[in-house]
Structures are given as C-alpha cells and as structure tokens.
Amino acid sequence: MIAEASSATQAPSRFRAHHFETAEQQYAASKLGMWLFLVTEVLFFGGLFVAYAVFRTLHPEVFMNSAQLLDTRLGAINTVILLFSSLTMAWAVRCSQLGQQRGLVICLSLTIFAAIVFLGIKGVEYSHKWHEGHLWASQYSSGDAASVGGFDRAGTFFSIYFAMTGLHAIHIVAGIAAIGWVLMRSLRGDFGPNYFTPVDTVGLYWHLVDLVWIFLFPLLYLIG
Amino acid sequence: MSTTTEPKHRLPQFISPRSTTEQPLSYLTAERGIRSWLFTLDHKRIGVMYLIGILTSFLMGGVMALLVRTELLTPGPTIMDADTYNHMFTLHGAIMTFLFIIPSIPAALGNFVLPLMIGAKDVAFPRMNLASLYLWVFGAVFLVAAMGLNGLDTGWTFYTPYSTTTNSSVISATMGVFILGFSSIFTGINFIATVHTMRPKGMTWFRMPLFLWSLYATAIIQVLATPVLGITLMLLIAERVAGIGIFDPALGGDPVLYQHFFWFYSHPAVYIMILPAMGIISELISTFSRTRIFGYRFLCYSSVAIALLGFLVWGHHMFTSESAMAAVIFSALTFSVSIPSGIKIFNWLATLYKGSISLTTPMCFALSFIVLFAFGGLTGLFLGALATDVHLHDTYFVVAHFHYVMMGGTLMAFIGGLFYWWPKMFGKMYNEFWGRMSCLGIFVGFNWTFFPQFLLGTKGMARRYYNYKPEFQGLHVVSTLGAFVLGVGLVICAAVLVHSLFRGRKAPPNPWGVATMEWETTSPPPVHNFEDTPKVTDPYDLEGFVLNETSGNYERRPAGITSSQKPSEVKA
Amino acid sequence: MNNSSLPADEQIHSHVSSPQQLISIFVALLGLTALTVSASTWPVGRFDVWIALGIAGVKAFLVAAYFMHLRYDKPTNSLLLLFSVGVVVLFLGVTLADVHQSEPQVQAAGLPQIPASEAAP
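Residues numbered from 1 in each chain as written. Chains lettered and ligands numbered in written order. Predicted model: local features only at pLDDT ≥ 70, side-chain atom pairs only at ≥ 80, totals over all residues. Heavy atoms only, no water.

## Some points on the overall build of chain C
And then number 1: Check the secondary structure of chain C and you find three helices and zero strands.
And then number 2: Taken from N to C terminus, the helices and strands of chain C fall in the order α-α-α.
And then number 3: The buried share of chain C, reckoned over its 121 residues, is 40%.
And then number 4: As displayed, chain C has an accessible area near 6,500 Å², and 68% of this comes from carbon and sulfur atoms. (Helix = DSSP H or I, 4+ residues; strand = E, 2+ residues; numbered from the N terminus. Buried < 20%, exposed > 50% of the residue type's maximum accessible area, 1.4 Å probe, protein only. Areas by Shrake-Rupley, 256 points an atom, 1.4 Å probe, with all protein chains shown as cover.)

This is the structure:
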C-alpha cells in the first residue's frame with residue numbers, strides 16, 4: 001500500500017497551481033491561509049469564552065459547585081490523549097518533511113486513533129451527565145445546586161459546558177476527517193520533502209484544537 | 001513576475017470557429033457552456049457570477065423597500081397588514097445587509113480586480129474562492145427560504161429574547177447568515193493571503209493601489225469579526241432548538257450579552273461595507289481629476305485605522321441597554337472613528353483641488369458619494385453623542401443616517417466602481433449621457449427619500465412602526481415619492497449597463513488613462529489575465545498617459561515627451 | 001530541505017523538528033498538566049483561575065512555538081495569533097466590565113420572574 005519514496009520521482013510541479021511562481025510561494029500562501037483560518041477559530045471559540053467569563057464572574061459559587069459534578073479524572077486522561085495526538089501530528093509533519101512514508105502513515109494513524117479515543121471518553125462523560133440530568137439550562141433536572149426564580153443556575157454552567165465541549169467535539173470530528181484525507185493521500189505517496197503542505201496545515205488545525213482543550217480543561221473541570 | 005515559467009496563453013481545444021477570427025479569446029469567450037461557468041476557478045468568472053447574484057438580491061431587497069415605503073404612505077393599513085409589514089422590513093434589512101452590501105464590493109468587484117491589480121494570474125486559493133461563491137448561494141437559499149416558510153419578523157438584528165420565542169423561521173434565516181459568514185471569511189482569507197504572498201517584485205506595500213489597501217483592511221475585519229457572528233448565531237439556534245439559556249432571561253441568560261455578541265461583529269461589519277467603497281472612491285477621484293492622489297500614505301493608514309477602531313465602538317449600538325460607564329466610554333471612542341474618515345474626505349477634496357476634472361459617469365457617482373457620505377458621517381455624530389442619542393435612538397433619524405452611509409456611501413461607490421470597471425469586465429463602453437442621468441436620478445431620488453426621514457426622526461417618529469400619527473404623514477408621503485424616483489434612477493442605471501452589453505462600443509484596454517495594472521491588459525482580459533507580464537509602475541502616474549483620439553485608448557507617453565496633453569473627455 | 005534533483009523553484013525550505021525536541025515538549029506538557037491538576041487543590045482562593053490560566057498559557061506557548069513551528073516561522077503568523085488573542089481579550093474585557101457595571105440594576109429590576117414572551121423590548 002505504501003508507496004516508498006515516490007516523492008523523489010514525481011513530476012516537479014505536480015502539486016503546484018499554475019498561478020504560483022515557486023513552490024515556496026505556494027507553501028507560504030497556504031500556510032498564511034491556514035493561520036488566517038485559525039484566527040477565525042480563535043475568535044469563534046473566543047465568543048464562548050466571553051460567555052463563560054460573564055456567567056462565571058456573575059455566579060462564581062454556581063460554577064464552583066457545578067464543576068464538582070464533572071469527572072476530573074476523565075478530563076485529565078483526555079487532556080493527555082490530546083497532547084499525545086498533538087505529538088504524533090507534529091511527528092507526522094517531520095516524517096513528511098524527511099520523506100519517511102512509513103513513519104508518516106503510522107503517525108497519522110496514531111493521531112486518528114487518539115482522536116477517536118478522545119471522543120469515546122467524551123461520549124462516556126456525556127452519557128453520565130445525561131443519566132444524572134446534568135444538562136443545559138432548560139433540561140437541567142437535579143436539585144443539588146442553588147435554585148433562583150424558577151430555574152436552576154447550575155443549568156447555566158452546563159449550558160456553557162455543553163456548548164464549549166460540544167463545539168470542540170465537532171472540531172475533533174472535522175479533524176478526524178481532515179487527517180483521514182491526509183492519510184489517504186500519504187498512502188498514495190503524495191508527500192515528500194518538497195510537498196507536504198496539507199500535512200503541515202492540517203497539523204496546524206489539529207494543534208489548535210488541542211490548544212482550545214488546554215484552556216477548556218482547567219476552566220471547566222478544575223474550578224475549586 | 002517571472003517571464004519564463006508559463007507559456008503564453010494558448011487557445012483551448014474546444015472553441016467555436018466564429019471567435020477565432022479577429023482577437024485573442026477573453027475569459028468570457030475562451031470556454032463556453034454552463035459547466036465552464038459553474039466549475040470555473042477563474043477569479044474573473046467567479047466575480048461576474050457574484051455580481052449577478054448580488055444584483056439579484058439587490059433587486060429583491062429593493063422591491064421590498066418599495067413595498068415598505070408604499071405601505072407607509074398612510075397611517076394604518078395601506079397595502080399590507082402589520083404582520084406582513086414586519087416580515088417585509090426584516091427581510092429587506094437582512095437581504096440588503098447580508099446578501100448585498102457585505103459581499104457587493106469585495107466579492108464581486110474585488111474578486112475581479114484584485115488579482116489584475118497585482119498583475120497575478122489568480123487569487124491565492126481559487127478553489128476556496130469558488131467555494132465561497134457556493135456558500136453564498138447556499139446561504140442565500142437558506143435566508144430566502146425563511147420567506148417561504150414562516151417568514152422572519154425579528155428585524156435584521158435577531159434580538160433575543162424575541163427571536164427565540166417568535167414563531168417565524170429564525171433558524172432557517174440564521175443558518176443562512178451563518179453560512180454567508182463563512183463565504184465572507186473565505187473571501188477575506190483569500191484576499192489577505194493574495195496581497196501578502198502574490199504581489200510582484202517591486203510592488204511594495206506603499207506602491208499598492210488604494211483599492212487594494214481598502215480590500216486588505218476589509219479582509220482583516222472579515223476574518224476577525226465574522227466568526228463572532230458565527231458563534232452568536234450558533235448559540236441563538238441552540239437557544240431556540242434546545243433552550244440552552246445563554247441569552248434567555250427566563251432561563252438565567254442575559255439578553256444584553258446577545259447584543260454585545262451581535263454588535264461585536266455587526267459594528268465592524270459596517271466597515272466591511274464602507275471601507276472597500278472608500279477604496280473605490282480614492283481610485284475614481286484620482287483618475288478623473290487626472291491628478292496624483294493627495295496624501296497617499298494617510299489614505300493607507302486611515303483604512304487600517306478605521307478597520308482597527310471599528311472594533312472599539314460596538315457599544316454605541318447599545319446606549320440604552322448597557323451600563324452608563326460603558327455608554328460613556330463607547331461614546332468617546334465613537335468620535336475617534338471620525339478622524340480617519342475625515343482624513344479621507346479631506347484628501348479626496350485636496351485631490352480634486354486644481355485637478356482637471358472630467359465628469360464621467362463613475363466620477364459623478366464618486367462626487368455623489370462624497371456628499372452623501374459626509375451627510376451620513378456628520379449625522380452619525382449626533383447619534384454617537386449620548387445626550388442627543390437618547391432622543392434620536394430607534395427613530396427615523398437612525399434609519400436616515402445609516403441609509404446615507406450604507407446606500408449613499410457603499411451603493412454609490414459600488415455603482416461608480418461598476419461603471420469604472422465595466423469596460424474591463426465586459427469589454428464594452430456604455431452611454432455616458434444616460435449613465436450620468438442615472439446618477440442624477442439616483443442622487444436626487446435618494447435625498448428625496450431619506451432627507452425627510454431625518455426630519456421625521458427628530459420629530460419622534462420611531463423606526464419599524466407600522467402605524468403612525470397623522471402629523472407624520474406629510475413627510476412619509478414625500479419620502480415614499482422619493483423612493484420611486486430613486487427606483488427609476490436605478491432602473492435607468494441597469495438599462496444603461498444592459499444596453500452596453502449588446503450595443504456598446506468596444507472598449508479599449510485603457511479607456512480612462514489609469515496607471516494601475518488591470519488596465520495594462522485587454523478589455524476583457526484573457527483567461528490568464530495578461531498576455532505579457534506587466535511591469536510594476538507607480539499606480540498614480542496619470543501624467544504618463546496620452547489619449548489616442550482615434551482608438552479612445554490611453555497609451556503610455558513615449559519617453560522624452562514631457563508636455564502635458566490636455567485630457568479629453570471620453571465621448572459618449 | 002534540499003533535494004538537488006529539483007530546480008530551486010520547486011524546493012521548500014522549512015524547519016524540521018528533532019525527535020528530542022518533540023519528546024521533551026511533550027514531556028513538559030504532561031508535567032504542566034499534572035501541575036495544573038494539583039494546583040486546583042491549593043488554597044489560593046480567587047487566584048486559582050489566574051494560576052490555571054497561567055499554566056494553560058505556558059502550555060499553549062509550547063504547543064504554538066514548537067508543535068506549530070511558530071518559533072521558526074515567518075513572524076507574520078505569530079503576530080496573527082497574538083492579534084487574534086488580543087481581540088478576544090478586548091471583547092472579553094469590555095463585555096465583562098459592562099455586565100458587572102449593570103448587574104446591580106439588573107438585580108434591582110427583579111429578573112427573571114417575567115415570562116420570556118413578555119420580556120421583548
């Protein structure tokens with residue numbers, strides 16, 4: 001399946017679009033484009049962080065109590081898994097730069113595997129919350145937090161929790177699809193020292209998903 | 001640009017024999033058939049398709065505007081019931097904002113012109129460019145589908161908690177706007193990457209045409225602000241579908257937080273609408289005064305300053321809902337935006353001073369822009385000042401103000417730019433006399449419609465109301481009559497452009513004598529934009545061109561000849 | 001990366017991370033994760049969120065600088081990231097300040113007994 005070192009024999013401009021002068025220019029443009037996209041992602045998640053900050057500072061005690069209902073152990077395990085997937089992704093970029101086809105495929109596969117495990121653990125956490133009724137504001141049904149004016153403030157915490165982790169999970173799914181696409185292409189032997197842009201840009205995206213989680217984990221699980 | 005890599009443009013295999021006879025194939029004729037348009041990666045074709053899309057939306061929004069104005073002829077019911085009226089003004093606002101103004105200049109004109117202006121073959125990411133067009137189409141379908149479902153009666157701002165409780169089709173509309181946001185982001189990313197990485201050697205930042213500066217500044221806002229709208233609408237949809245209670249006070253949420261979210265995007269979005277317009281005006285004023293633009297660097301900096309300051313003033317839409325402290329701060333910051341805007345106005349006026357002004361159609365629109373934008377900008381100061389805003393908030397004064405800026409500003413510049421680049425886009429000259437007439441009609445009709453609304457607002461007529469007291473009727477009637485004059489002006493404008501496509505004189509490569517690179521190539525350009533790689537020159541060296549009276553083309557002045565020829569006006 | 005069989009136009013020059021560097025960053029990230037978990041039990045009162053954010057910031061820096069190659073990349077890309085974070089901080093700071101200023105009035109107005117359908121302005 002793995003086309004060893006095919007990059008050395010491929011036609012020089014196979015992946016260079018006609019409107020770029022040099023491969024270097026195309027690489028720089030793609031990378032800048034990806035960073036601009038990451039900027040939009042930072043702002044996209046940024047909105048949720050604003051909502052988080054507003055409700056946490058208005059009701060610190062609610063957040064403190066509600067965070068106890070999350071499973072810190074599972075959150076920490078998921079953090080380690082995502083960090084590991086970031087390592088394998090960074091390594092995949094290294095492999096593609098060096099033309100190591102086997103290493104590239106292995107690293108990408110490990111990354112996808114870690115992402116799926118992350119989602120599995122997330123699913124376990126979600127199902128616990130579902131069974132205990134620890135859901136978002138309108139569905140929250142557990143009488144153990146401060147209740148004000150006919151609704152439960154803890155529901156607000158879980159609204160934020162589900163919005164943030166849910167959006168993050170959607171990004172994980174998109175990341176799996178993107179890495180899967182890169183994996184397919186690497187099985188075909190598309191990448192080598194002078195063409196690894198998709199590995200690099202998808203890698204950047206994956207690291208950003210990791211970055212978001214680095215902030216989500218302490219802000220949601222470790223209040224206390 | 002290197003001169004070695006690409007072979008010169010060759011004829012594609014499948015061409016009709018008719019087109020091979022005289023001239024090289026243009027991007028319009030090189031390939032035929034619907035598929036060659038739908039799957040094209042050519043920025044010029046994508047720009048033209050965008051143009052068709054946004055003009056269709058403009059027509060739709062315009063008809064709604066006329067219906068709204070007709071309804072307001074009399075107090076109480078005139079041609080529709082109150083509920084229909086609410087739907088009508090909401091869709092007018094949403095369509096005009098999200099489907100027309102925001103993509104109008106960047107996505108249609110910018111897409112066409114930007115790569116040509118830097119002498120490139122295409123934008124950095126052509127496939128993403130096409131994707132942005134299709135996202136626009138899908139977004140438009142979702143937004144317009146709301147009309148066919150249960151309508152939309154929230155106002156274009158989708159304020160909570162009304163938008164989470166009304167039974168109209170908020171989800172379809174907001175999904176549409178969410179998708180349109182992605183379309184806008186893709187355009188922005190593409191433009192920034194193109195400007196950063198694809199400028200030719202010799203075109204430094206401060207040798208870029210001002211239209212590129214303004215598109216660049218616009219793209220920064222598109223990339224930074226639009227995602228916040230995305231997350232806002234996602235939360236709104238989640239609120240409606242699942243009741244997550246972020247914005248709904250009944251569930252512990254905060255409706256003012258929605259306003260913060262919404263305006264954090266939508267105020268900068270106002271600059272997405274006006275900045276590219278300002279770029280067009282800089283080009284037009286310089287070209288048709290036949291003078292170097294005055295204060296080039298200040299125009300560059302002021303574009304970026306407007307883009308950045310635009311992020312600091314969102315709270316001035318919320319004077320009546322935010323805290324007193326925030327209102328005071330935002331009011332003060334709001335005035336700071338008038339500084340770069342003022343710099344632009346004064347630089348344009350200084351460019352006109354002692355210029356050799358020719359009142360071509362684009363120039364008429366540019367001059368109208370300056371007048372109307374100054375009106376819009378100055379009335380904005382009344383709204384930015386807290387004390388007067390308490391009286392004017394949510395009245396027709398606000399409606400008149402933003403129509404002066406958005407329509408008097410952006411639309412005028414858009415049409416001016418359309419007339420300016422029309423010969424380049426389609427290779428046809430239009431009728432100058434009727435072009436100017438359309439400008440006159442639009443200018444008169446516009447003021448006729450919206451100036452009375454300033455008066456209505458100061459008298460206390462609230463916006464968005466179906467019914468009103470009899471004392472307001474006189475001004476409402478005047479405004480409605482003006483709207484129809486405005487409509488006639490726009491119809492003339494459309495007729496002039498459509499007529500030129502069939503009967504227009506063939507356009508020379510450089511009918512206006514401009515030094516920016518898009519005029520170096522044929523009109524319309526070939527598929528890969530340039531037969532020969534153009535040299536980077538000073539974009540405002542208008543002295544370097546002389547008019548060839550027989551062909552109507554401006555040609556580069558041969559070296560050694562310095563006498564400045566009197567610029568002749570292009571004949572109709 | 002030099003591949004002499006290709007013309008200069010077709011070559012890309014970029015930084016390749018060494019295995020030692022990748023592994024040591026990963027280990028540092030694991031250490032910081034352990035630190036942040038234990039920090040959440042320290043009796044520091046309201047400063048806990050700043051400690052958590054500080055540690056997360058260091059982790060984010062490591063990921064961005066090394067895994068995302070920003071240290072070896074064009075400065076434009078780093079500026080973009082910093083700028084976007086700056087805009088989020090601006091958005092967050094101003095909104096937070098406003099919400100806290102108006103909170104006493106909101107409380108005085110006696111929310112949220114009114115049903116949502118009547119709360120529309």
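## Quick notes on the packing of aromatic side chains
And then number 1: Enumeration according to the criterion identifies 65 aromatic pairs over all chains in this entry.
And then number 2: With a centroid separation of 5.1 Å and 90° between ring planes, the pair formed by F118(A) and W213(A) is classed as edge-to-face. One end of the pair, F118(A), is in helix α4 (residues 101–132); the other, W213(A), is in helix α6 (residues 197–221), and 95 residues separate them in sequence.
And then number 3: The exposure class of F118(A) is buried, given its relative accessible area of 0%.
And then number 4: For W213(A), a relative accessible area of 0% gives the class buried.
And then number 5: An angle of 85° between the planes, with centres 5.2 Å apart, marks the rings of F247(B) and Y258(B) as edge-to-face. You can see F247(B) sitting in the loop between α7 (210–242) and α8 (255–289) and its partner Y258(B) sitting in helix α8, a full eleven residues away along the chain.
And then number 6: Note on Y258(B): relative accessible area 0%, which makes it buried.
And then number 7: The cationic tip of R45(B) hangs over the ring face of W37(B); the distance from NZ or CZ to the ring centre is 4.2 Å.
And then number 8: Positioned above the aromatic ring of W205(B) is the side chain of R199(B), whose terminal nitrogen or guanidinium carbon lies 4.3 Å from the ring centre. (Phe/Tyr/Trp six-rings, centres within 6.5 Å; stacked < 30°, edge-to-face > 60°. Lys NZ or Arg CZ within 6 Å of the ring centre and 35° of its normal.)

## As for the interface of chain B and chain C
And then number 1: Between chain B and chain C, the residue contacts involve 25 residues of the former and 19 residues of the latter.
And then number 2: For the chain B face of the interface with chain C, the top three residues by lost area are L224(B), S323(B) and M325(B), together amounting to 22%.
And then number 3: Counting across the chain B and chain C interface gives zero salt bridges.
And then number 4: Linking chain B with chain C are two residue pairs in polar contact (both at pLDDT 80 or more), by the criterion used here.
And then number 5: Elements with a minimum of two residues in the side of chain B that touches chain C: α5 (162–165), α7, α8 and α10 (324–352) of chain B.
And then number 6: When residues of the side of chain B that touches chain C are assigned to their parent elements, the largest contribution, five residues, is made by α8(B). (Contact = heavy atoms within 4.5 Å. Buried area = accessible area lost by both parts, 1.4 Å probe. Salt bridge = Lys/Arg side-chain N within 4 Å of Asp/Glu carboxyl O. Polar contact = N/O pair within 3.5 Å; in protein donor to acceptor, adjacent residues only side chain to side chain.)

## Section: the pattern of salt bridges
Residues and elements named next belong to chain A.
And then number 1: Applying the stated rule across the entire model yields eleven salt bridges over all chains.
And then number 2: For D200, the salt bridge is made with K31, and the minimal N-O distance between the two is 3.2 Å. With D200 in helix α6 and K31 in helix α1 (residues 23–58), this pair connects stretches of sequence that are 169 residues apart. This pair shows no difference in class: D200 is buried, exactly as K31 is.

## Side note on the pairing of strand β2 (residues 553–556) of chain B
Residues and elements named next belong to chain B.
And then number 1: Bridge analysis of strand β1 (residues 545–548) against β2 gives four bridges, and the strand direction is antiparallel. Within the sheet, the bridge partner assigned to V546 lies in β2 and is E555.
And then number 2: Counting the residues that bridge the hairpin from β1 to β2 gives four residues, and of these G552 lies at a positive phi of roughly 75°. (Pairing = 2+ DSSP bridges.)

## Considerations on the domain arrangement of chain C
Residues and elements named next belong to chain C.
And then number 1: If you check the domain split of chain C, you get domain 1 (14–73) and domain 2 (74–107).
And then number 2: Taken over C-alpha atoms, the centre of domain 1 sits 22 Å from the centre of domain 2.
And then number 3: On the domain 2 side, the residues contacting the four residues of domain 1 number five residues.
And then number 4: For the domain 1 face of the interface with domain 2, the top three residues by lost area are A64, L70 and D73, together amounting to 97%.
And then number 5: On inspection of domain 1 and its partner domain 2, the count reaches zero salt bridges.
And then number 6: The interface formed by domain 1 and domain 2 contains one residue pair in polar contact (both at pLDDT 80 or more).
And then number 7: Looking at the side of domain 1 that touches domain 2, its residues break down into three nonpolar, no polar and one charged. (Domains from an automatic or database assignment. Nonpolar A, V, L, I, M, F, W, Y, C, P; charged D, E, K, R; others polar.)

## Thoughts on the interface of chain A and chain C
And then number 1: Listed as interface residues are 56 residues of chain A and, on the opposing side, 54 residues of chain C.
And then number 2: Summed over both sides, the interface of chain A with chain C buries roughly 5,100 Å², with 75% coming from carbon and sulfur.
And then number 3: Taking the shortest distance from any N to any O, the salt bridge between D73(C) and K31(A) comes out at 3.6 Å.
And then number 4: The interface formed by chain A and chain C includes seven residue pairs in polar contact (both at pLDDT 80 or more).
And then number 5: Listing elements by their share of the side of chain A that touches chain C, those giving two or more residues are α1, α3 (72–98) and α6 of chain A.
And then number 6: Sorting elements by how many residues they give to the side of chain A that touches chain C places α1(A) first, with 21 residues.
And then number 7: Looking at the side of chain A that touches chain C residue by residue, the class counts come to 37 nonpolar, twelve polar and seven charged.

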